[in-house]
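# Structural overview
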Amino acid sequence: MEEKKDRIKGKGEKPKKPKKQMSLQRRVLRISLIGTIVLGTAALLIGLGIYAVVLADQYITKAFNLSETTAVVIEEVVDVEPLAEAVSSIYLGMTEEERRDPADPAYLERFREITEREDYKKLVDILREYRDMNDVSDLYLVKQIRDTAAGIYIADPEEDPELACPTGFWEESTEENVEKFLNWNGEGKLYAIGYAPGQGWIASSGVPFRNADGEVICYIMADVSIRELLVGMRTFVIWYFLALVVIMTVYILLVMRIMKGRVIRPINLVADAAKKYASDKLEGIEGEEHFTNLGIDSGDEIEHLADTMAGMEKDLGEYVDHLMKVTKEKERIGAELSVATEIQAGMLPMIFPAFPDRQEFDLYASMTPAKEVGGDFYDFFFIDDDHLALVMADVSGKGVPAALFMVIAKTLIKDQALMGELSPGRILMQTNERLCESNTKELFVTVWLAILNVKTGEGMAANAGHEHPALRRAGEAYELQLYRHSPAVATMEGMRFREHEFVLHPGDSLFVYTDGVAEATNARDELYGTDRMIEALNEDPDASPEEVLVAVKSSVDRFVADAPQFDDLTMLCLRYNGSQDAE
């Protein structure tokens, strides 16, 4: 049970916090609630906008019509142009500093003469009368000045001093607003909506007075409070939300009722059947059909799911039967591979010291296969009392084919040598001819073969496409021995193999290996390489052969880290001590 947990979540890792579950019914309820609120809010905003536009247009129309009617009456009774020109003349005749404060009594005193004129008084009376008759906030005359972007009041009937705008009083206006008034062509309604201190939100609309040349003299403006519009909008929102809550409640209850009968219940049936299926499988109960007779006829994806589960149950039963057969076969193959691994390991010299009665040398070798069985091999044996054969080889490919070819190659090499042949080149030549006879899979083997006279230290080696050996002279460091190779064994009939003479002196060490060392690869696809290998060998050059192999293997493991082993890893190290007879 603990091993299973380790495979699932990994050793040393903290278990993940279980994800909080939410039922489908609650999920649908949440989605329905959010959807209803979003749609309701959107409808509210649209309805509120339409409501505001319609009512605002009514207020604007009221102000505009009143302005038009009053303008007609004023034109019949009062000549507005002299009054407007007088106010404008006084305003424009002052410096910017003099008209800086429009509420200054000294500033307003300049316009007192205009307010005492009879035509002005008639104008104010008409404005006051029509204002009171039509229940509007204000009705007044104003002139727009383009040069100073200001609106100057000509006549305002307001009695409240705090709200009244005396004749000559000006208000700053934006250039855009001034141009809007001065360039109005009579189409639509001239209006503006804004906030006035003491009056709240108002809709202002008006029409211009024009002289005989069609030039705008001033404007008559009517202000209508839109307080009732805001109150109506607030009432609309309250009633709308009350209605929305009722509709939303009814809608959600209806959705839940439909969901429970059409979705939740069928899904629960499928889930219960799945639990029963799993329970029966654990208990070994066979033959029962769990998904076939659920009675789901919804005609939608849930019915399709139930039918799919029924088909899956049938297919899964067949798959389990097939899997059991495959598992048994895999177990059989695994057992056979395990035996093959033991057999292959038994074919390699594994007992050290290999020749405890021989003091001329120390020797150690190891092989770590990339799979259950490998294609690398090493060997060492005495041909006679004085000549020691050393073999390091690597068969192309991996796995069982390479292992079988390795057994044949190892046997042929050793048989040829034990017949008394002391030439590595001729041994490889005879082995090559035998291997080429029935090499239908076109496998080949790289071989380094040396025959060493342990009495004199003299040796002869042949390298058939194998890695360069590393040699250490006594008291010095390991170095690669670079020379031309011969082709690999079993590549072509009639091959001859070049031989190299060498001499070992007491204290010298020889290290041979397969490409699994130099081509070991880490997670970044970097190769270990011979440079790192030489560094590992020279960390302790005086180490024993066994310690040398352990040091190189540890260096490779650190470099590779968690990356999978790329190839078989085979090494052999010999230290020559010299002959006692020679001493």
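Relevant structure appears above.
Everything quoted here is computed from the prediction, not taken from an experiment. (Residues numbered from 1 in each chain as written. Predicted model: local features only at pLDDT ≥ 70, side-chain atom pairs only at ≥ 80, totals over all residues. Heavy atoms only, no water.)

## Focus on the overall build of the protein chain
Helix and strand content of the protein chain: 14 helices and 16 strands. Within the protein chain, contacts between residues separated by at least 24 positions form 68% of all contacts whose residues are at least 6 apart in sequence. (Helix = DSSP H or I, 4+ residues; strand = E, 2+ residues; numbered from the N terminus. Contact = heavy atoms within 4.5 Å.)

## Topic: the layout of surface pockets
Looking at the largest pocket, its volume works out to about 790 Å³. If you trace the largest pocket, you find 30 residues lining it, with Y140, Y153, E171, S204 and D223 closest to the centre. Elements that contribute at least two residues to the lining of the largest pocket include exactly β1 (138-145), β2 (150-155), β3 (170-172), α7 (175-182), β4 (190-196), β5 (200-210) and β6 (216-225). If one sorts the elements of the lining of the largest pocket by residue count, β4 sits on top with five residues. The residue makeup of the lining of the largest pocket, split by class, is 16 nonpolar, seven polar and seven charged. Estimated volume of the second largest pocket: approximately 360 Å³. If you go around the second largest pocket, you meet 17 residues; those closest to its centre are T115, Y120, C165, P166 and T167. Looking at the lining of the second largest pocket, the elements with two or more residues in it are α4 (105-109), α5 (112-115) and α6 (118-133). If you tally residues by element for the lining of the second largest pocket, the top one is α6, at four residues. (1 Å grid on protein atoms, 1.4 Å probe; cavity = no way out; pocket = protein on both sides within 12 Å on 5 of 7 lines; lining within 4 Å. Points joined across faces, edges and corners; volume = space filled by probe spheres on them. Nonpolar A, V, L, I, M, F, W, Y, C, P; charged D, E, K, R; others polar.)

## Looking at the pairing of strand β10 (residues 445-453)
By the criterion of burial, β10 is predominantly enclosed, with nine of the nine residues buried. Neither face of β10 is exposed, since V445, V447, L449, I451 and N453 on one face and T446, W448, A450 and L452 on the opposite face are all buried. The pairing of strand β9 (residues 387-395) with β10 spans nine bridges and is classified as antiparallel. Among the inter-strand pairings, L390 is bridged to a residue of β10, identified as A450. (Buried < 20%, exposed > 50% of the residue type's maximum accessible area, 1.4 Å probe, protein only. Pairing = 2+ DSSP bridges.)

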